[in-house]
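For reference, the chains in residue letters:
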Amino acid sequence: MCYVEGGGQTWRPPFILHVMANIFQRAAKLFRARVGPDDYASVLAHSGLYAPTKAGVSITDKTAMSIAAVYACVNKIASTLAQLNLDLIRMDGRSRERVRNHYGYYVTQVRPNRYCTPYEFWETIIAHAVLRGAGHALIERGASGEAVSMTILHPDDVERREKDGSYVYRIRNEFTAQPDDVLEIFNLHRASPIAVHRENIGLSKAVQDYGAEYFGNGGQMTGVLSSDQPLKSEQMQIIQQSWNKSATTSGTKLLPFGFRYNRIGITPDEAQFINTRRLQAEEICRIFSVPPSLIQLDTQSTFNNVEQQTLQFTRHTLTPWARRIEQELNRKLLTTFDQADMEFSFRMADLHRGDMAGRAAFYQQGIQHGWLSVNEVRGMENLNPTTGGDQHMCPVNMVALDQFGEYSNQLTNQNNGTEQTE
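## Observations regarding the sheet that holds strand β9 (residues 175–177)
Pairing within the open sheet is antiparallel, and its 3 strands lie in the order β7-β8-β9. The open sheet has two edge strands, β7 (158–163) and β9, and neither has a second partner. Sheet twist, expressed as the mean angle between neighbouring strand axes with direction ignored, is 35°. Pairing of strand β8 (residues 166–171) with β9 involves 3 bridges; the strand directions are antiparallel. Pairing of I171 across the sheet is with F175, part of β9.

Shown next as structure tokens:
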């Protein structure tokens, strides 16, 4: 509070000024937290003061998500990873065992927090990372340091600050969290694809807005009414209002005598409207590394190339995101002692299960060649084990090379014995 002293008296500002100052300070704090500190382009874009793209539209994460291709790509990556099982594996030599009685498994696959399910948690975190460049969750720990819950943080509420050669997280401009207490899943350089490719996505939004405006006007293009006769301002106003009113309805338009209509826009066909929309959708697929067929874009796809695109999506898009998440969980949810023989792992094999016929052939090969047992297959299909199903089998016509001589001698002796019996 400011006091001004003079003439032996102290002047105090009216109470209403204190109230207004408090309101402005809170509004400025909230606005700064939402758009980010010292980000000139973001401030102007969020406030709507100017369009930051050359296409003439303002692009933020919300306006970008109104584009079908952006929404489809983000949803495809986030929902696909969220549906996968995330196992906590204990390794003992060559043996691998799934662990369930561990707090790390509980907060990642049972109850991350009291507000959402594991699927909703991972879908939101991954969507933040894909769309905004980074997804965050605040890790709350118990008395002995174990993680008891993970709460989703909005990207605008988290600021990473460098401090003494390290860094801390400033949460909602209210408190500071140490690096080990914030789960952070980020892409290349923590850069938002919306910000990096603002011009490209802005063109897609402009094309979408153009189509909406064209069909909203009943398919009529912008034009000019001209006349050879001089008109008074009142006459021009009446004619203009009459024409604009008639332009909002479909049907034949009647020009006043002596007037001509000159179109000043181009038709969607001349602008290659459909091809432009398709090209921009493909560009967005390139940005997020999602095959066009997976968002129902490629109408000329065949079964074989769609299968290859799905495999490509798994290898080059989902697997890198899965590895980021696994390593971040290993680093921040497991103690140094646990890290020696435990790790988190997405069950990526679920993405390759295919149809029933393909799975049946896969299981048959595994059982026949001994690298799968009957009970392992039943477990993959969520079926109870059966008696004797843990036994691994192998083909009788296969033998190890170092035992081939002994096996050959046995066959020879058997054949000789058969001939003598005859």
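## What to know about the pairing of strand β13 (residues 342–346)
Residues M342, F344 and F346 line the buried face of β13, whereas the alternating positions E343 and S345 sit on a face that is not buried. As paired strands, strand β3 (residues 86–92) and β13 are joined by 5 bridges and run antiparallel to one another. The residue bridging D87 from the neighbouring strand is S345, located in β13.

## A word on the confidence of the model for the protein chain
The predicted coordinates of low-pLDDT regions are not to be read in fine detail. Taken over all residues, the pLDDT of the protein chain has a mean of 79, while the share at 70 or more is 73%. The element-level mean pLDDT for the protein chain is lowest in strand β1 (residues 4–6), coming to 40, with helix α6 (residues 118–132) highest at 96. Low pLDDT, under 50, characterises residues 1–10; the stretch is placed with 10 contacts to residues that sit more than four places away or in other chains. In the model, residues 35–41 has pLDDT below 50 throughout and makes 7 contacts with residues more than four positions away in sequence or in other chains.

## With respect to unusual backbone geometry
Phi at R172 is positive, roughly 55°, even though this residue is not glycine. Positionally, R172 belongs in the loop between β8 and β9. The phi dihedral of S289 falls on the positive side, at around 60°, and the residue is not glycine.

## Regarding the pattern of salt bridges
On inspection of all chains with the given rule, the structure shows 16 salt bridges. Of the charged contacts in the structure, one is a salt bridge between R161 and E159, with a shortest N-O distance of 3.3 Å. Residue R161 is classed as partly exposed on the basis of its relative accessible area of 34%. Among the charged side chains, a network of salt bridges with common partners joins D61, R132 and D156.

## Digging into the nonpolar core
Counting 56 residues, the largest nonpolar core has V70 and W122 as its most contacted members. Apart from the residues lying within four places of it in its own chain, the contact partners of W122 are A82, L86, T108, Q109, L183, I325 and L329. In this structure, L153, Y167, A177 and V182 belong to the second largest nonpolar core, which totals 8 residues.

## Side note on the environment of L131
In this structure, L131 sits in helix α6. According to the relative accessible area criterion, L131 is buried, its value standing at 9%. Each C-alpha atom, one on L131 and one on D61, is 7.1 Å from the other, the two residues being 70 residues apart in sequence. For L131, the contacting residues outside a window of four places in its chain are D61, M65, V70, V74, S192, P193 and I194.

## A few points about the packing of aromatic side chains
If you walk through the whole model with that rule in mind, you get 4 aromatic pairs. On the numbers, 5.0 Å between centres and 85° between planes, the contact of F121 with W122 is edge-to-face. Note on accessibility: F121 and W122 belong to one class, buried. Between Y167 and Y169, the aromatic rings sit 5.6 Å apart at their centres with planes inclined by 90°, giving edge-to-face as the arrangement.

## Quick notes on the sheet that holds strand β6 (residues 147–153)
Pairing is antiparallel in the open sheet, where 3 strands are placed in the order β6-β5-β10. The sheet is open, and its two edges are formed by β6 and β10 (182–186), each paired on a single side. For this sheet, the mean angle separating the axes of adjacent strands, direction not counted, is 25°. Sheet contacts for α6: β5 (134–141), β6 and β10; angle to β5, the most-contacted strand, approximately 140°.

## Thoughts on the side chain of N375
Within the secondary structure, N375 sits in helix α14 (residues 374–380). N375 has contacts with P385, T386, G389 and D390, leaving out every residue within four places of it along the chain.

## A short note on the side chain of S149
With respect to the helices and strands, the residue S149 is situated in strand β6. Judged by relative accessible area, which is 11%, S149 ranks as buried. Setting aside residues no more than four positions away along its own chain, S149 makes contact with V107, P112, N113, L138, I139 and E140.

## Focus: the state of the cysteines
Evaluation of the coordinates by the stated rule reveals 0 disulfides. In this structure C285 is a free cysteine whose sulfur lies 4.2 Å from that of C73, the closest cysteine sulfur available.

## Some words on the pairing of β7
For β7 and β8, the ladder comprises 6 bridges, and the chain directions are antiparallel. Bridging from a neighbouring strand, R160 pairs with Y169 of β8.

## Concerning the packing of helix α4 (residues 68–82) against α6
Close contact between α4 and α6 brings their axes to 8 Å; oriented N to C, the two are set at 135°. Here α6 runs oblique to α4, going by the angle between their axes. Where α4 crosses over α6, the two elements pack in a sense that is right-handed. Only Y119, W122, E123, I126, A127, V130 and L131 of α6 make contact with α4, whose side of the interface consists of V70, V74, N75, I77, A78, S79, L81 and A82. A per-class count over the contact of α4 with α6 returns 12 nonpolar, 2 polar and 1 charged.

Parameters and conventions
Counting from 1, residues in each chain are numbered in the order their sequence is written. Owing to the predicted nature of the model, reporting of local features is limited to residues with pLDDT of at least 70; listing and counting of side-chain atom pairs is limited to 80 or more, with chain, interface and lining totals taken over all residues. Values reported for side chains reflect all heavy atoms of the structure, with hydrogen atoms and water molecules removed beforehand. Pairing between strands is defined by DSSP: at least two bridges between the two strands are required. Elements are defined by DSSP. Helices are runs of H or I of four residues or more, strands are runs of E of two residues or more, and each kind is numbered from the N terminus. In this analysis an axis means a line fitted to C-alpha atoms, helices contributing only their contacting stretch, and an angle means the value between N-to-C directions, from 0 to 180 degrees. Here the term buried applies to any residue with accessible area under 20% of the maximum for its type, exposed to any over 50%, and partly exposed to those in between, with areas from a 1.4 Å probe on protein chains only. pLDDT is a residue-level measure of predictor confidence that goes from 0 to 100. In this analysis, two residues are considered to be in contact whenever any of their non-hydrogen atoms come within 4.5 Å of each other. What counts as a salt bridge is simple: a side-chain nitrogen of Lys or Arg found within 4 Å of a carboxyl oxygen of Asp or Glu. Among buried residues, those of type Ala, Val, Leu, Ile, Met, Phe, Trp, Tyr and Cys that are joined through side-chain atoms within 4.5 Å constitute a nonpolar core. Two aromatic rings, drawn from Phe, Tyr or Trp (for Trp, its six-membered ring), form a pair once their centres lie within 6.5 Å of each other, and the interplanar angle then sorts them: stacked below 30 degrees, edge-to-face above 60, tilted otherwise. Only a pair of cysteine sulfur atoms within 2.5 Å counts as a disulfide in this structure description. The scheme is simple: roughly parallel for angles under 35 degrees, roughly antiparallel for over 145, roughly perpendicular for 65 to 115, oblique for anything else. Left-handed is the label given to a crossing in which the near helix is rotated counterclockwise from the far helix by less than a right angle, and right-handed is the label when the rotation is clockwise. Under the grouping applied here, Gly and all other residues not named as nonpolar or charged are polar, the nonpolar ones being Ala, Val, Leu, Ile, Met, Phe, Trp, Tyr, Cys and Pro and the charged ones Asp, Glu, Lys and Arg.

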